[in-house]
Amino acid sequence: YNRFHTTALCSPTRAALITGRNHHTAATGMITEGATGYDGYTCILPRECGSIGEVLRQNGYMTAWIGKNHNTPAWETSAAGPFDRWVNGLGFDYFYGFNAGDMNHWDPILFENRNLVPKSADPNYHLTEDIADKAIAWTRKVTSIAPDKPFFLYVAPGANHSPHHAPKEWIDRFKGQFDEGWDVYREQTLARQKKLGVVPENTQLTVRSEGLPAWDTLNDGQKKLYARMMEVFAGYSAHVDHHMGRIIDAEKQTP
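Reading guide: rules and limits
- Residues numbered from 1 in each chain as written.
- Predicted model: local features only at pLDDT ≥ 70, side-chain atom pairs only at ≥ 80, totals over all residues.
- Heavy atoms only, no water.
- Helix = DSSP H or I, 4+ residues; strand = E, 2+ residues; numbered from the N terminus.
- Pairing = 2+ DSSP bridges.
- Expected span 1.5 Å × (residues − 1).
- Buried < 20%, exposed > 50% of the residue type's maximum accessible area, 1.4 Å probe, protein only.
- Arc of directions from axis to C-beta.
- Contact = heavy atoms within 4.5 Å.

Caption draft 1: View of unusual backbone geometry. For the peptide bond that leads from Gly81 to Pro82, omega is 0°, which places it in the cis range. In this structure, Pro82 sits in the loop between strand S1 (62-69) and strand S2 (94-99). Look at the link from Ser162 to Pro163: it is a cis peptide, with omega at 0°. Note on placement: Pro163 falls in the loop between strand S5 (151-156) and helix H4 (168-172). Phi at Ala8 is positive, roughly 75°, even though this residue is not glycine. For Ala8, the location among the structural elements is in the segment before helix H1 (10-19). Within the chain, Asn113 stands out as a residue other than glycine whose phi angle is a positive 60°. The topology assignment puts Asn113 in the loop between strand S3 (111-112) and strand S4 (115-116).

Next comes the structure, spelled out in structure tokens:
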């Protein structure tokens, strides 16, 4: 956790992750909606930047990408295509997820490969759970059909990106845990990181951003609102952790 690097944006980070290239080399210097005509910022993945899905597929792997795809040019994400830079066009055998930066987790717009997925009739539907179910189901299906073939599964949940849509029972688990505010919570977080060995014992807490007011300067209404927002985010985080854990457990049980 203390040697983890990103580009601070999702599309560039994922472009680097799936191609093994610098995000500018992969022409994704920003999110796809902000693409420009300048080199490194077109958000059109060059063919010479082959994805890990394509490389592994050509070497005998079964490959799937399930969840968020924010690396298809925004102007190519409709049902009219073109589809060569959709997930399947990038070398993955199977895709189930959404082509956007964020998505409604209660009523998402999803595609299975290139086909629009019908709206769920389940009143308790949640996208994170659906993604986990599809990832587990795909693994079980392909390994039962071709048990001797290796597989590669890439799962990108929509959480914890906004909108923060979490089931109520998961939010309720964190009720009251952030009432002391973010200044106290920052101190508690650093103390836990030191205890776990994530950071050195002599690490000093960073100066609070000027754009973030001190907790004790807020009025009661603001404190109530922000504490609730933190509860929602924590519930959202715990919920996705749970379902990603389901996937990991299922993968470990795969022969």
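Caption draft 2: The arrangement of the sheet that holds S4 in detail. Strand order in the open sheet made by the five strands is S4-S3-S2-S1-S5, with mixed pairing throughout. Of all strands in the sheet, those with a lone pairing partner are S4 and S5, marking the two edges. Taken together, the two bridges between S3 and S4 define a ladder with antiparallel strand orientation. Bridge pairing in S4 places Glu112 opposite Asn115.

Caption draft 3: Quick peek at helix H5 (residues 182-196). A rise of 1.5 Å per residue sets the reference length of H5, with its 15 residues, at 21 Å; its end C-alpha atoms lie 21 Å apart and thus fit the reference within 8%. Residues Trp182, Asp183 and Leu190 constitute the buried set of H5. Seen from one end, H5 has its buried residues packed into an arc of 110°, which puts them on one side. Along H5, exposed side chains directed more than 90 degrees from the buried face belong to Lys195 and Leu196. Close packing links the buried residues of H5 with helix H6 (220-253).

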